[in-house]
Amino acid sequence: MSDVLSLLSWRYATKSMDAAKTVPDDKLAHILEAIRLSASSSGLQPYQVLVVTDPAIKAQIKPVAWNQSQITDCSHLLVFAAWDNYTADRINMMFDLVNEQRGFKNEGWEAYRQKLLAFYPNRSAAENFEHAARQAYIGLGSALIAAAEVQVDSTPMEGFEPAKVDEILNLSALGLRSVLLLPLGYRAAEGDWLVNLTKVRRSADDFIMRR
């Protein structure tokens, strides 16, 4: 447990990345697998992760992401994109996958399928998207921890224009909307004002409440 906590103390939102350094394939795979294994509501996994390495695409994204240098200097740019809506087809796809992987049907599971089919498709697309987007944040948390575990730097970003990123990546055609950006790479030796500053968090007594 101490190793995890020390690595979380080591990680920070890297402000300057070394564009000459590339995250190895095995470390990238470790981070992506951690995201894939993340918890999600009803196990629906209502988001996708796009891995962007094409310099031209990253260059298009940078101006609509507050011109943050990590977008183009990172090794890999992860884009978390949530389903734009919960549909019967999407819900059935995940329930059918569970049945296929487990090799049997469960009466309670099938009853739960019907409950979700009666609930989600009757809500607005906007409400369903917001719920799906919250699941992507769970995946982001897993990514940050996994990246720290293999000592890959990362910078979670909400500072971008989602509609323009969606257009650049043609996400609407996939029924997706961008939620979060996560550049992965290695901190630059110089030029990062945050790297040597003390990590500041509220004390446990102030942050954690017990009842």
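A. Examining the sheet that holds strand 2 (residues 76-83) more closely. Strand order in this open sheet of four strands is 1-2-4-3, and the pairing throughout is antiparallel. Single-partner strands in this sheet number two, and they are strand 1 (47-52) and strand 3 (153-154). Summarising the sheet, strand 1 and strand 2 pair through six bridges and their orientation is antiparallel. Residue pairing for strand 2: Val 51 is matched across the bridge by Leu 78.

B. Main features of the side chain of Asp 153. Mapped onto the fold, Asp 153 is located in strand 3. For Asp 153, a relative accessible area of 2% puts it in the buried group. Separated by 3.5 Å, the side chains of Asp 153 and Thr 14 make a polar contact. Apart from residues lying up to four places away in sequence, Asp 153 is in contact with Trp 10, Tyr 12, Thr 14, Met 17, Pro 183, Leu 184, Gly 185, Tyr 186 and Arg 187.

C. Summary view of the packing of aromatic side chains. By the definition in use, this model includes seven aromatic pairs. Note on Trp 83 and Tyr 86: the rings are 5.8 Å apart at their centroids and 80° apart in plane angle, and the pair reads as edge-to-face. For the pair shown, Trp 83 and Tyr 86 are each scored as buried. What links up through ring pairs into an aromatic cluster is the set Trp 83, Tyr 86, Phe 119 and Tyr 120. The ring of Phe 129 has Arg 177 lying over it, and the distance from NZ or CZ to the ring centre is 3.7 Å.

D. Focus on the pattern of salt bridges. The tally for this structure, following the rule as stated, stands at eight salt bridges. When the shortest N-O distance is used, the salt bridge between Arg 123 and Glu 127 registers 3.5 Å. The exposure class assigned to Glu 127 is partly exposed, which follows from its relative accessible area of 42%. Salt bridges linked by common partners bring Asp 96, Glu 110 and Arg 113 together as one network.

E. Geometry of the packing of helix 2 (residues 25-36) against helix 7 (residues 125-149). Viewed as axis vectors pointing N to C, helix 2 and helix 7 meet at an angle of 150°, and their least axial separation amounts to 8 Å. Taken together, the axes of helix 2 and helix 7 are roughly antiparallel relative to one another. Note that helix 2 runs across helix 7; the crossing there is right-handed. For the pair formed by helix 2 and helix 7, the contact residues are His 30, Ile 31, Ala 34 and Ile 35 on the first element and Gly 139, Ser 142, Ala 143, Ala 146, Ala 147 and Glu 149 on the second. Tallied by class, the residues present in the contact of helix 2 with helix 7 amount to six nonpolar, three polar and one charged.

What counts, and where the lines are drawn
- Residues numbered from 1 in each chain as written.
- Predicted model: local features only at pLDDT ≥ 70, side-chain atom pairs only at ≥ 80, totals over all residues.
- Heavy atoms only, no water.
- Pairing = 2+ DSSP bridges.
- Helix = DSSP H or I, 4+ residues; strand = E, 2+ residues; numbered from the N terminus.
- Buried < 20%, exposed > 50% of the residue type's maximum accessible area, 1.4 Å probe, protein only.
- Polar contact = N/O pair within 3.5 Å; in protein donor to acceptor, adjacent residues only side chain to side chain.
- Contact = heavy atoms within 4.5 Å.
- Phe/Tyr/Trp six-rings, centres within 6.5 Å; stacked < 30°, edge-to-face > 60°.
- Lys NZ or Arg CZ within 6 Å of the ring centre and 35° of its normal.
- Salt bridge = Lys/Arg side-chain N within 4 Å of Asp/Glu carboxyl O.
- Axes fitted to C-alpha atoms, helices over the stretch in contact; angles between N-to-C directions.
- Parallel < 35°, antiparallel > 145°, perpendicular 65-115°, else oblique.
- Left-handed = near helix turned anticlockwise from the far one by under 90°.
- Nonpolar A, V, L, I, M, F, W, Y, C, P; charged D, E, K, R; others polar.

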